[in-house]
Amino acid sequence: MARRRSGVAALYDKVVNFNVESLFARHRGPGTPRTVFFNHNLPDSYFDPKGKPKKEHVYPTNQVISSKYTIITFLPRNLLEQFRRIANIFFAFIAILQFFPEFSTISPGLVVIPILIVLSITAIKDGYEDVKRHQSDRHVNHSQARILAGGDWVNPNMNGQKSRTFVRGIIPRQRPKRKDVEAGAETKQDPDIEYDRADSMEESEHHMFGHADENSRPHWHKTMWEDIRIVDNEPIPADILICATSEEENVAFVETKNLDGETNLKSRNACPALTDFHTAADCVSKLNTFSVECDRPDTNMYKFNATVTRNGAKSPVDVQTVLLRGTVLRNTDWVIGVVLFTGVDTKIVLNSGGTPSKRSRVERQINPQVLANLALLAIMAVVCGIADSKIEATQYPEGAPWLYGDDLSNDNPQINGLITWAFALITFQNIVPISLYISIEFVKTCQALFIYFDYDIFYAKKNQPTIARSYNLSDDLGQIEYIFSDKTGTLTQNSMVFRECSIAGAVYHGDPEDDDVKKTTGSGTEIVRETSNDSSYASTSTRGDDPAVPSTADATVVKLSNGVLKHFSDERLSQDLTRAVEAEPDSENAAQARSLNGFFSVLALCHSVLTAVDPATGAIEYKAQSPDEAALVQAAADVGFIFRGRNKEILLLQTPFSREVERYELLDILEFTSARKRMSVIVKKLDEQDERLFLLTKGADNVIFERLKTGGDDLKRATEGHLEDFANAGLRTLTLAYKVIQEDEYEAWSERYHEASTALDDREGKIEAVCDEMERELRLLGATAIEDRLQDGVPETIADLKLAGIKIWVATGDKLETAIAIGRSTNLIAEESNIIVVRGNDRPVQQQMIQAVEEFFPDSGILDEHGLVTSASKSPSPESASAFPMRRVSMGVRDIVGDDNGNRPGGFVLVIDGAALDHALTDDDHKALLLRLATQCEGVICCRVSPLQKALVVKMVKDGLGVMTLAIGDGANDVSMIQAADVGIGISGEEGLQAVNSSDYAIAQFRFLKKLLLVHGHWSYARNGTMIVNFFYKNIVCIGVLWWFQIYCGWSSSYVFEYTYLLFWNSFWTIAPVLGIGLFDRIVDADVLMAFPELYRYGRERTWFSMRLFLIYMLDGVIQSVPLFFIITYTYFSTTTRTDGYSVALYEYSTTMVFATVVAVSLFNGLNTNVWTAWVFFAVFIGIIILWLFTVVYNAISPGLTVTNVYGNNHYLFTSAYFWLSQPLVIAIALLPRYLYRAWQLGYAPGDLEILRYIRKTQPDLDMTTLRSESMRSKPYASSRLRPSSRASRTSIACSSVDNLSLDLRRTQDPRCASRTDMSTGIRSVHRGFDFATEEGGVAMRRMQTNLSERRQSSRNLPALQQSASTRKRSLRLFTSLRRKKSPTFKKDD
């Protein structure tokens, strides 16, 4: 029996979770390993006996399709989607039933028309939405790329036919024919042809486009993606293997934020076996043949296994030699590559699911209500059938004349009872309104247009409105409980501003200015930031090949780097630098001069930035792997410390303290890693008077502070305080330090470093230990504060969404420090928030989560729920109990953490990385524990997560909690998350259209999300929910009147109304008021909803639509049908209204019922409308007016024109006193209960909405924002918890004057920051905003380390450098040369 129940339950789950898209999705199954051949014929084993390639060796095209339908699949798929609605199945059944003569009411053809209209209109809407997806797909698939062509080049590999996205499947697919390399290919004239620059010069061509008669030469042909040489700033269209690049040592720099969300550039290198493929001619040469054996396609973004075979030699291929689809080439002229995987086989597409068929929660909730009505209909039909059968069986023996011959096989009480049951289904079919769904579709379409035409969410800068790509989800926007957001491009602009710095205990805030106002020069001309998409001038040296372009040593202008928004300037700093340059070595300004010189020298030298000269402007531009590193070097240049590039290992620096360009020899780079949290360089100053060695370091404050030499407590304390201010303002901080190295010390250390770098066992650990030896006894210089510029309005939007009760989770591919820094700057992490960090490392993730629960939520009962890991938590192993004890760590000379770590009033924020998620999501118990832990926190930040993990996190919350989820992103790595959420929103930013193509709504700015949810979403949900319950109500009133009539007609399922009135009930009489609610009702005005985000709770709590509300309205309708039927019935039948004494006819008094019922229903709908505008008045009364006009005309139609049952009824109807007197009475009685309830609610139990509506009515000119401010003034703590979020507020924090000190709310509360607890190590500390983005272990850094190592090895036998006695006596405080002539004035070009 248990097995039977299990089977039924499984069947039910299968029906409930049925997905239409699963029937039409192409289940390709796991891909097969492949071999890509280049200049080589395919083996004969790849072909069948007929010479056609085998299916497994035909690869997909590079076409990617996000649309749902084709011409072939549109009709069946759309019909299946529509017949998921139970009401549609019922209407189809009723229409079919009326084709039988026994049940026919009117022409069967006319009966089918309503259901066909409903299905057709919905299909047209769905088709229009999908046409837009096809257009977006076409835009992406028709993007341009360069492919190899000419020179008898033939690609022997087989690709399938492209899908015709809207007629896919009409033309049968044909497998491609065999192509032999020797056969050659005819190249037609094509204007989109590019030749290699060397070839063009040989032919005396001064441009890159060849003539038509030269098309047979090897060249690059521009073609569409869906059909590869890539140039700078172009996205990669497929997964390709790098053959060669334009840079030294064949290194390419790429931006991968579309894949993993990381904003820093990454370096990739060419496959060593293919680095001689520099031109098209090299590629087409028949001498250059090779093959690439690839593993099967998979979703792992960080693994790629392949092997290149060339001339019998094999070379490995890994992810470092591959460019994945979605990455963007940066700072690299061009890359030549071999395509390995295309289209649906690329990793980014494999991480994205198919386009889902989403249904709103309201639509899903309608089905149970329709089922309840169908159950009621079935009961009513059964009662009619049984009652009719019993009456016939009783009265036939009594000789009732209307039952004559009622004993035949096809005419007897039993058969007639069955027929009456079926006919009752037709009579009462309006209990499920067929026009409901079409009305919902119409209203939602209009709501999408309201969103489209809302200028408040229109981005004028790009002329881009907010677009609803899925019209049927508008009410879901009003019920969102969880938001999952990407970081880069969604919350941030990935653009940096050097805001402030602390040098030798003095803080420089930068000159205050409005960034949104363009600065003008003295002549009044605008200074415009110059940018160039031509990166061909990227260089790593100080010399350029083009004599017309100045070298970096000669350039006199520095332009803003890519990703840096503005120059740094500070008047006080400029004055201090001027005094420092003029200071004597023994003067009182000498110490400050050394600090300023050292601080900016560290910024200008400790980095991996490359320099370039823009050929158009002759200005230096810095090319950095991350915008924050560019901002640091740019800031140094802005104050006069200009990094002029590197010539091999020689670094060139121009400073205000020296007329000549200073030269430093780069000896070692101690590179940045997430574990080290610092970067150091060892340089030697090449100066006859000064040849000292320096260690220059930048990193996290806690790492630097614990490595400082003793003493200088005042400087440490001051810098520590400045770091707190920077972090609380949401800025990203770095701490700078240095030390002078003795030559003998360096020689000994260098020997140990060389041994560690060549060790075979535990190389990383030994290198870290040796580096740690050198990075000790540092001298503190100061700290920097960089703003990762947020999208406009992001902090305010997130703060308001949190006030609305929406929980916000951030899912990003960035590293942990960056994610936390963005969390703070966006108000996701408040000043008082306690951060819980869970990492995937040697300590089991489950133990970390258990300890977090025990430490911070001991009374939550999480560990005891369902026996979840109770045994593990109550009896931990001795190893786990002692290996990671919780401990506090002092970040500097004083402990500011306090004893209440983890107990701050700001709540908790969970930060978890991708490695930990891998473990947590693979086990149901771990997943449940993670979910319960996360729900105890205010917010969750998932860092280092893959696109697939983003989707899994969304599904975990959506399925585990049954909540309404929204995902928002702007890149291809967000597609799977957007598709997994109930509502997906794509931001049409700079990362392409992949997210927008897969989204339900497309917006231009994150800040638009506030009005989209709080206003349009809330309005749509309230309107749609109220409209639907009123729709059910108006139909149950009609059905109730019909039902009570059955008492007087022998339960024969007869109509009390003339059938025409019933036919037009949902079409003309009562449709307008409910549409008026759906289109024009407003619970409160938009400015009220924006000013009071807390009102959104009505949507989250599902106030406007629920089964309870449905039952209340149904009961209200049944109650109202009683006076409408019985009072009028007994009025007319008590004494005849006719003057001739005859009894009234059926349609004479039933028409009065029609009028009374329509008026009562219309006024009831109006009573449920919150705002009576002209449109609402029109909607309420138009049905009544149409009813009057129709009745007058219909009753007057002569039998000579057509036969009706009501001809002449006007004579009796409108002359009757009962008609005029009974209607006001019964309408008032019917509406009285609802009216009294609304009056009591407004007078004695008003809610927030009623109060605000009353305020708006009585004080229409009152600014709701002002009212909000006054209400918040009574809650000072609540308002103080919001961190400063705008540039103006940050400026106020930055000001150190007494006048502005009072504006800093943080200072008036608690000078200490909240805690950060790393559950993987047990370390509890204070977070002071440290963040630094750079590639770890990248190809470019490895090449630099290799060069340094080779140079070091070659000089190992050289004698050690001698140090003069005078040099040894020099001060070890910092660089000398304080009194030198000032260098020429350096210009800054915006």
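Residues numbered from 1 in each chain as written. Predicted model: local features only at pLDDT ≥ 70, side-chain atom pairs only at ≥ 80, totals over all residues. Heavy atoms only, no water.

Asks: Mind showing me how you'd approach the overall build of the chain here?
Replies: Looking only at helices and strands, the chain features 46 helices and 41 strands. A buried classification covers 57% of the 1390 residues belonging to the chain. Accessible surface for the chain amounts to roughly 58300 Å². Of this, 56% is attributable to carbon and sulfur atoms. (Helix = DSSP H or I, 4+ residues; strand = E, 2+ residues; numbered from the N terminus. Buried < 20%, exposed > 50% of the residue type's maximum accessible area, 1.4 Å probe, protein only. Areas by Shrake-Rupley, 256 points an atom, 1.4 Å probe, with all protein chains shown as cover.)

Asks: What exactly am I supposed to notice about the nonpolar core here?
Replies: Side chains that are nonpolar tend, in soluble globular proteins, to be buried together. Counting residues in hydrophobic clusters, the biggest one holds 109 residues, and the most contacted among them are Ile366, Phe428, Ile1028, Phe1057 and Leu1095. Sorting elements by how many residues they give to this core places helix H29 (residues 1008-1045) first, with 19 residues. When residues no more than four places from it in sequence are discounted, the contact partners of Leu1095 are His1018, Val1084, Val1088, Leu1089, Asp1248, Leu1249 and Leu1252. (Core = buried A, V, L, I, M, F, W, Y, C linked by side-chain atoms within 4.5 Å. Contact = heavy atoms within 4.5 Å.)

Asks: Which parts of the structure should I look at to understand the sheet that holds strand E10 (residues 265-269)?
Replies: In sheet architecture, strand pairing relies on hydrogen bonds along the backbone and comes in two forms, parallel and antiparallel. Judged by pairing direction, the sheet is antiparallel, and its three strands sit side by side in the order E10-E9-E15 without closing on themselves. Edge strands, defined here as strands with exactly one partner in the open sheet, are E10 and strand E15 (328-330). Ignoring strand direction, the axes of neighbouring strands in this sheet form an average angle of 45°. As paired strands, strand E9 (residues 251-255) and E15 are joined by three bridges and run antiparallel to one another. Note on E15: the bridge partner recorded for Phe253 is Arg330. (Pairing = 2+ DSSP bridges. Axes fitted to C-alpha atoms, helices over the stretch in contact; angles between N-to-C directions.)

Asks: Would you mind showing me how to read the pattern of salt bridges here?
Replies: It is possible for side chains bearing opposite charge to pair when their charged atoms get close. Enumeration according to the criterion identifies 45 salt bridges in this entry. Close ionic contact of Asp456 with Lys1011 constitutes a salt bridge, the shortest N to O distance being 2.6 Å. Taken together, the positions of Asp456 in the loop between helix H11 (435-452) and strand E17 (467-468) and Lys1011 in helix H29 put the pair 555 residues apart, joining distant regions of the chain. Via salt bridges that share partners, Arg676, Arg678, Glu706, Arg707, Glu768, Asp772, Glu775 and Arg776 belong to a single interconnected network. (Salt bridge = Lys/Arg side-chain N within 4 Å of Asp/Glu carboxyl O.)

Asks: What exactly am I supposed to notice about the side chain of Asn1195 here?
Replies: Here Asn1195 shows up in the loop between helix H37 (1174-1194) and helix H38 (1209-1213). Overall, Asn1195 belongs to the buried group, its relative accessible area being 2%. A polar contact is formed between the side chain of Asn1195 and the side chain of Asn1210, at a distance of 2.9 Å. Asn1195 has contacts with Tyr1061, Val1206, Tyr1207, Gly1208, Asn1209, Asn1210 and Leu1213, leaving out every residue within four places of it along the chain. (Polar contact = N/O pair within 3.5 Å; in protein donor to acceptor, adjacent residues only side chain to side chain.)

Asks: What should I look at first to understand the packing of aromatic side chains in this one?
Replies: The geometry of an aromatic ring pair is captured by the separation of the ring centres together with the interplanar angle, meaning the angle of the planes. In total, this model carries 56 aromatic pairs according to the counting rule given. On the numbers, 5.2 Å between centres and 65° between planes, the contact of Trp1043 with Trp1051 is edge-to-face. Here Trp1043 matches Trp1051 in class, with each residue buried. Geometrically, the ring pair formed by Trp1175 and Phe1178 is edge-to-face, given 6.4 Å between the ring centres and 85° between the ring planes. Placement of the pair is Trp1175 and Phe1178 together in helix H37, with a separation of three residues, close to one helical turn. We classify Trp1175 as exposed; its relative accessible area is 54%. Relative accessible area serves as the criterion here: at 48%, Phe1178 is assigned to the partly exposed category. Taken together, the aromatic side chains of Tyr1061, Phe1064, Phe1068, Trp1069, Phe1190 and Tyr1194 make up a single cluster linked through ring pairs. Note that Arg1097 overlies the ring of Tyr1098, its terminal NZ or CZ placed 4.4 Å from the centroid. (Phe/Tyr/Trp six-rings, centres within 6.5 Å; stacked < 30°, edge-to-face > 60°. Lys NZ or Arg CZ within 6 Å of the ring centre and 35° of its normal.)

Asks: Help me understand helix H26 (residues 947-961), please; the structure alone is not making it clear to me.
Replies: What sets the pattern is the α-helix's 3.6 residues per turn: residues three or four places apart point alike. Over its 15 residues, H26 runs 22 Å from end to end, which matches the ideal 21 Å to within 8%, given 1.5 Å per residue. Within H26 the residues assigned to the buried category are Pro947, Gln949, Lys950, Ala951, Val953, Val954, Met956 and Val957. At the exit of H26 stands Gly962, carrying a positive phi of roughly 65°. (Expected span 1.5 Å × (residues − 1).)

Asks: What should I look at first to understand the environment of Ser1052 in this one?
Replies: Mapping Ser1052 onto the fold places it in the loop between H29 and helix H30 (1059-1063). According to the relative accessible area criterion, Ser1052 is partly exposed, its value standing at 26%. For Ser1052, the residues in contact, after removing those within four places along its chain, are Asp388, Thr420 and Gln1046. Of note is the side chain of Ser1052, whose polar atom sits 2.9 Å from the backbone oxygen of Cys1049.

Asks: Can you help me understand the environment of Ser1269 in this one?
Replies: On the secondary structure map, Ser1269 appears in helix H41 (residues 1264-1273). Looking at Ser1269, the relative accessible area reads 35%, which means it is partly exposed. For Ser1269 and Ala1091, which are 178 residues apart along the polypeptide, the C-alpha to C-alpha distance reads 9.1 Å.

Asks: Sorry if this is basic, but what is going on with the packing of helix H4 (residues 86-97) against helix H10 (residues 413-427) here?
Replies: The angle between the axes and the distance between the axes are what describe a pair of packed helices. For the pair H4 and H10, interaxial distance at closest approach is 10 Å and the crossing angle is 125°. On the basis of the axis angle, H4 is oblique to H10. Regarding H4 and H10, the two cross each other, and that crossing is left-handed. On H10, the residues touching Phe90, Phe93, Ile94 and Leu97 of H4 are Ala422, Leu425 and Ile426. Class assignment for the residues of the contact of H4 with H10 results in seven nonpolar, no polar and no charged. (Parallel < 35°, antiparallel > 145°, perpendicular 65-115°, else oblique. Left-handed = near helix turned anticlockwise from the far one by under 90°. Nonpolar A, V, L, I, M, F, W, Y, C, P; charged D, E, K, R; others polar.)

Asks: So what exactly am I meant to see when it comes to the side chain of Thr1070 here?
Replies: With respect to the helices, strands and loops of the structure, Thr1070 is situated in the loop between helix H31 (1065-1069) and helix H32 (1071-1080). For Thr1070, a relative accessible area of 1% translates into the label buried. Within polar-contact distance, the side chain of Thr1070 engages the side chain of Lys1034 at 3.0 Å. A polar contact is formed between the side chain of Thr1070 and the backbone oxygen of Trp1065, at a distance of 2.7 Å.

Asks: Sorry if this is basic, but what is going on with the pairing of strand E19 (residues 492-503) here?
Replies: In summary, the side chains of a regular strand alternate between the two faces of the sheet. The buried fraction of E19 amounts to eleven of the twelve residues, a majority that puts the element mostly inside the structure. Pairing between E19 and strand E30 (residues 779-790): eight bridges, direction antiparallel. Directly across from Ser502, in E30, lies its bridge partner Ala783. Pairing of E19 with strand E20 (residues 506-508) involves three bridges; the strand directions are antiparallel. In the strand pairing of E20, Cys501 is matched with Tyr508. The antiparallel hairpin formed by E19 and E20 contains two residues in its connecting segment, where Ala504 sits at a positive phi of about 55°.

Asks: Can you help me understand the packing of H29 against helix H35 (residues 1107-1134) in this one?
Replies: Packing of H29 against H35 brings their axes to within 7 Å, and their N-to-C directions diverge by 40°. The two elements H29 and H35 cross, and the hand of that crossing is right-handed. Residue composition of the contact of H29 with H35, grouped by class: 17 nonpolar, five polar and one charged.

Asks: I tried to follow the sheet that holds strand E24 (residues 642-647) on my own but got confused; where do I start?
Replies: Sheet architecture is open: nine strands sit in the order E20-E19-E30-E29-E28-E27-E26-E25-E24, paired in antiparallel fashion. Looking at which strands have only one partner, the edges of the open sheet turn out to be E20 and E24. Looking at each pair of strands side by side, their axes are set apart by 30° on average, direction ignored. In the sheet, E24 pairs with strand E25 (residues 650-654) via four bridges, with the strands oriented antiparallel. Residue Asn647 lies in a different strand from E25, and its bridge partner there is Ile650. Where helix H14 (residues 627-638) meets the sheet, it contacts E19, E24, strand E27 (678-685), strand E28 (693-699), strand E29 (732-741) and E30, and its direction lies at approximately 45° from that of E19.

Asks: In this structure, what is going on with the pairing of strand E18 (residues 482-485)? I would like to understand it.
Replies: Because side chains alternate across E18, one face comprises the buried residues Tyr482 and Phe484, and the other comprises Ile483 and Ser485, equally buried. By the bridge criterion, four bridges tie E18 to strand E31 (residues 807-811) in an arrangement that is parallel. Looking across to E31, one finds that Tyr482 is bridged to Lys807. Where E18 lies against strand E36 (residues 965-969), four bridges are found, and the strand directions are parallel. Following the sheet pairing, Phe484 is matched in E36 by Ala967.

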